[in-house]
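Below are the chains, spelled out letter by letter.
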Amino acid sequence: MTYAITQTCCSDATCIAVCPVNCIHPTPQEREFGSTEMLYIDPKTCIDCGACADACPVDAIFPVDSLPDAQQEYAAINADYFADGEPEPVGAGPNFHAWGEPSFDRGVPSDFAPVRVAIVGTGPAGMYAAEDLLLHTNAEVTLVDRLPVAGGLIRYGVAPDHPATKKVGDTFARFHAHPRARMVLGVEVGKDITTQELAAHHDAVIYAVGASKDRRLGVGGEDLQGSIAATTFVAWYNAHPEVAADAVDLSGERVVVVGNGNVAVDVARILATDPETLAGTDIADHALAALRASKVREVVLLGRRGPEDAAYTASELLALKHLPGVELVVDDHDPRTGATIDSASPKGKAALLRDVARRTVDWSPTPDAGRRIVLRFHSSTVEVLGTDTVRAARVTSVPGDLEIPAGMLLRAVGYRGVPVPGLPFDEATTTVPHEGGRVTGQPGTYVVGWIKRGPSGGIGANRTCAAETVSMLLADAVAGALPAPALTATSFRRLVRSRTRQLIDARGLAAIDRAELARGRGQGRTRAKLGTVPELVAAAKGNRWVKR
């Protein structure tokens, strides 16, 4: 029996570090690391020790003979990765694994004073940086977030029906109460405090603020009511306190989603899924109620390019194929689509669509009974139609443009970073200019995650990104290149308390966690999130805020 890596792989390489036989690839030392959709286990080399499964932070690794039906394909996916070549042979020696030379990249001189570092943002990028600093140095870390609760993308970006992916948050949560860490939640840099004030209290500041805005389509009608960003929809079903409970209207029978990346697939899946299968998750209360009353029966995913160039990962497409009670259809309006699917190589993403029904869809009638997701390739949005609210999307087609009636249009064409007051910003890349994470022209200031490299790469990609940034920071510390803070940690705590009445620390965060878990138990769910800032603050301060 061998193991296989499945859908929720985060690619942070924790499994590689514990594998004794070098059977998981690509490794961080290999060229393909970071460019493949996931990691893969070589069935010919795996010795069934289970070390990788124990170490996996997102429960993505299982014995092949215990894979559920919906994940059986991953046995072949793992094996196929090695079909055209074998991993590099290990050298002779007492160990199976070709271990590298010892590395002490995170070391600082033994007599070096602790570095005081602030990290702005508590999502994966920020927390990988915090983990690196807290585990491998004597740094003191201040974790700052504008929201009164930690988590970032893990809490507000991962779909509720992907609970295994959310488990990486448990790994990060270990550091919230670390003796050398301080939580400062509910404080917005650039509003409550300035970047200069933050820098004056710390040796170094790492910004892990992500890319929070959506990219626009640039077409007429884009601002009609019912035309919203997928980022808003994702935040809505994840109980983000800055998105109102009534921000989404599901009274129409068809929804058009522009884009075919993983976010587009996520929102399509949530719209089409039987709400009762979501009832036990941490989905927002208001979203669950709205989905139960939803009239949406059909979701159309518009891809500008063909199926061979789709931006979603193979694992997310496979999840659509196995969605109970939902028909998956490829719109065969363009002859290039079917030709590409039929001629795709076994490893090609388009090959996964060979067993999916194809038909030329007639958009004139209302959607058929039941629930359906339509993949429409080689089709771009030309205009969003309607008077006050969305009525239809006009899209390119063969031989000419056509209208797809819809009650809502979701834009899922990418994210963009936003400027942080006091930091340089590149409008073209929507990132902060830097060299290896070191912000250009601002000693002691660093970036990590999407604000550093742009909106690409999943959760695990932030681990290597953070490692690079932390390396730069420590090199500067050892070289004496960090500006000495003028003020103390105690004065920083006094400062933030004077600027906001909603300040939450690690103890308050733990109280929020207990309150949400208690609400969840009362509803038969894993967790019931508090969805507004007043609710979160009240729970953090010990007031029992349990809505029935």
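Model, not experiment: these values are computed from the prediction.

Scoring rules and cut-offs
- Residues numbered from 1 in each chain as written.
- Predicted model: local features only at pLDDT ≥ 70, side-chain atom pairs only at ≥ 80, totals over all residues.
- Heavy atoms only, no water.
- Helix = DSSP H or I, 4+ residues; strand = E, 2+ residues; numbered from the N terminus.
- Expected span 1.5 Å × (residues − 1).
- Buried < 20%, exposed > 50% of the residue type's maximum accessible area, 1.4 Å probe, protein only.
- Pairing = 2+ DSSP bridges.
- Axes fitted to C-alpha atoms, helices over the stretch in contact; angles between N-to-C directions.
- Contact = heavy atoms within 4.5 Å.
- Core = buried A, V, L, I, M, F, W, Y, C linked by side-chain atoms within 4.5 Å.
- Phe/Tyr/Trp six-rings, centres within 6.5 Å; stacked < 30°, edge-to-face > 60°.
- Salt bridge = Lys/Arg side-chain N within 4 Å of Asp/Glu carboxyl O.
- Parallel < 35°, antiparallel > 145°, perpendicular 65-115°, else oblique.
- Left-handed = near helix turned anticlockwise from the far one by under 90°.
- Nonpolar A, V, L, I, M, F, W, Y, C, P; charged D, E, K, R; others polar.

Q: Would you explain helix α4 (residues 124-136) in this entry?
A: One full turn of an α-helix is made of 3.6 residues, so residues set three or four places apart face in the same direction. With 13 residues, α4 extends 18 Å between its outermost C-alpha atoms, agreeing within 8% with the 18 Å of an ideal straight helix rising 1.5 Å per residue. Within α4, eleven of the 13 residues are buried, leaving the element largely enclosed by the surrounding structure. The complete set of buried residues in α4 reads Pro-124, Ala-125, Gly-126, Met-127, Tyr-128, Ala-129, Ala-130, Glu-131, Asp-132, Leu-133 and Leu-134.

Q: Would you explain the sheet that holds strand β16 (residues 381-385) in this entry?
A: Remark on secondary structure: sheet strands pair via backbone hydrogen bonds, oriented parallel or antiparallel. Reading across from one edge, β16-β17-β18 is the order of the three strands in this open sheet, with antiparallel pairing throughout. Looking at the sheet topology across the chains shown, the edges are occupied by β16 and β18 (402-405). Direction aside, neighbouring strands of the sheet carry axes that sit 25 degrees apart on average. In this structure, strand β17 (residues 392-395) lies alongside β18, joined through four bridges in antiparallel fashion. Considered in β18, the bridge of Ala-392 is made with Pro-405.

Q: I tried to follow the environment of Ile-270 on my own but got confused; where do I start?
A: Along the polypeptide, Ile-270 turns up in helix α10 (residues 262-272). Residue classification places Ile-270 among the buried residues on the basis of a relative accessible area of 0%. Placed 110 residues apart in sequence, Ile-270 and Pro-160 show a C-alpha to C-alpha distance of 8.7 Å. Residues in contact with Ile-270, not counting those within four places in the same chain, are Ala-159, Pro-160, Asp-161, Tyr-237, Leu-278 and Leu-291.

Q: I keep staring at the nonpolar core and nothing clicks. Help me out?
A: By size, the foremost hydrophobic cluster in this structure holds 122 residues, and its most contacted members are Ile-24, Tyr-237 and Ile-373. Residues Val-144, Ile-193, Val-205 and Leu-423 belong to the second largest nonpolar core, which totals 20 residues.

Q: Explain the sheet that holds strand β10 (residues 227-229) to me, please; I cannot follow it from the model alone.
A: Spatial strand order, β10-β19-β11-β12-β15-β13-β14: seven strands in an open sheet with parallel pairing. Taken across any chain shown, the strands that pair with only one partner, and hence form the sheet edges, are β10 and β14 (357-359). Averaged over all pairs of adjacent strands, the angle between their axes in this sheet comes to 25 degrees, without regard to strand direction. Of the strands in this sheet, β11 (254-258), β12 (298-302), β13 (326-331), β15 (371-376) and β19 (408-411) touch α10, which is tilted by about 170 degrees from β12. Contacting β12, β13 and β15, helix α13 (residues 314-321) runs over the sheet at an angle of about 120 degrees to β13.

Q: Could you clarify how one ought to interpret the packing of aromatic side chains in this entry?
A: Enumeration according to the criterion identifies six aromatic pairs in this entry. Between Tyr-81 and Phe-82, the aromatic rings sit 5.1 Å apart at their centres with planes inclined by 90 degrees, giving edge-to-face as the arrangement. Its relative accessible area of 7% is what places Phe-82 among the buried residues. A ring pair is formed by Phe-233 and Tyr-237, whose centres lie 5.4 Å apart and whose planes are at 85 degrees; its orientation type is edge-to-face. Linking Phe-233 with Tyr-237, this pair stays in helix α9 (residues 230-237), spanning four residues, or about one helical turn. You'll find Phe-233 and Tyr-237 in the same group, each marked buried. Each residue in the set Tyr-40, Tyr-81 and Phe-82 is aromatic and connected to the rest through ring pairs, giving one cluster.

Q: Whenever I open this one, the pattern of salt bridges confuses me. Can you help?
A: One side chain can pair with another of opposite charge once the charged atoms of both are near each other. Tallied over the full model, the rule gives 34 salt bridges. One salt bridge in this structure joins Arg-174 and Glu-131, with 3.6 Å as the shortest N-O distance. Residue Arg-174 is found in the loop between α7 (168-173) and β7 (181-185), and its partner Glu-131 is found in helix α4; the two are separated by 43 residues along the sequence. Residue Arg-174 is classed as exposed on the basis of its relative accessible area of 54%. One network of salt bridges, with partners in common, ties together Asp-214, Arg-216, Glu-222, Asp-223 and Arg-411.

Q: Explain the packing of helix α3 (residues 73-81) against α13 to me, please; I cannot follow it from the model alone.
A: Pairs of packed helices are described in terms of their axes, by the angle between the two and the distance that separates them. Running from N to C, α3 and α13 cross one another at 160 degrees; their axes reach a closest spacing of 12 Å. What the angle tells us is that α3 and α13 run roughly antiparallel. Relative to α13, α3 is oriented so that their crossing is right-handed. Contacts between α3 and α13 involve Glu-73, Tyr-74 and Ile-77 from the former and Ser-315, Leu-318 and Lys-321 from the latter. Partitioned by chemical class, the residues of the contact of α3 with α13 number three nonpolar, one polar and two charged.

Q: Looking at this model, I keep getting lost on unusual backbone geometry. Mind explaining?
A: The general pattern is negative phi for most residues beyond glycine and trans for most peptide bonds. Residue Pro-26 is reached from His-25 by a cis peptide bond, and omega for that bond is -5 degrees. Inspection of the secondary structure puts Pro-26 in the loop between β2 (24-25) and β3 (40-41). Here the residue pair Val-398 and Pro-399 is connected by a cis peptide bond, since its omega of 15 degrees sits within 30 degrees of zero. The residue Ala-239 is not glycine, and still its phi comes out positive at about 65 degrees. Relative to the elements of secondary structure, Ala-239 occurs in the loop between α9 and β11.

Fair warning: the whole summary comes from geometry, so function is off the table for now.
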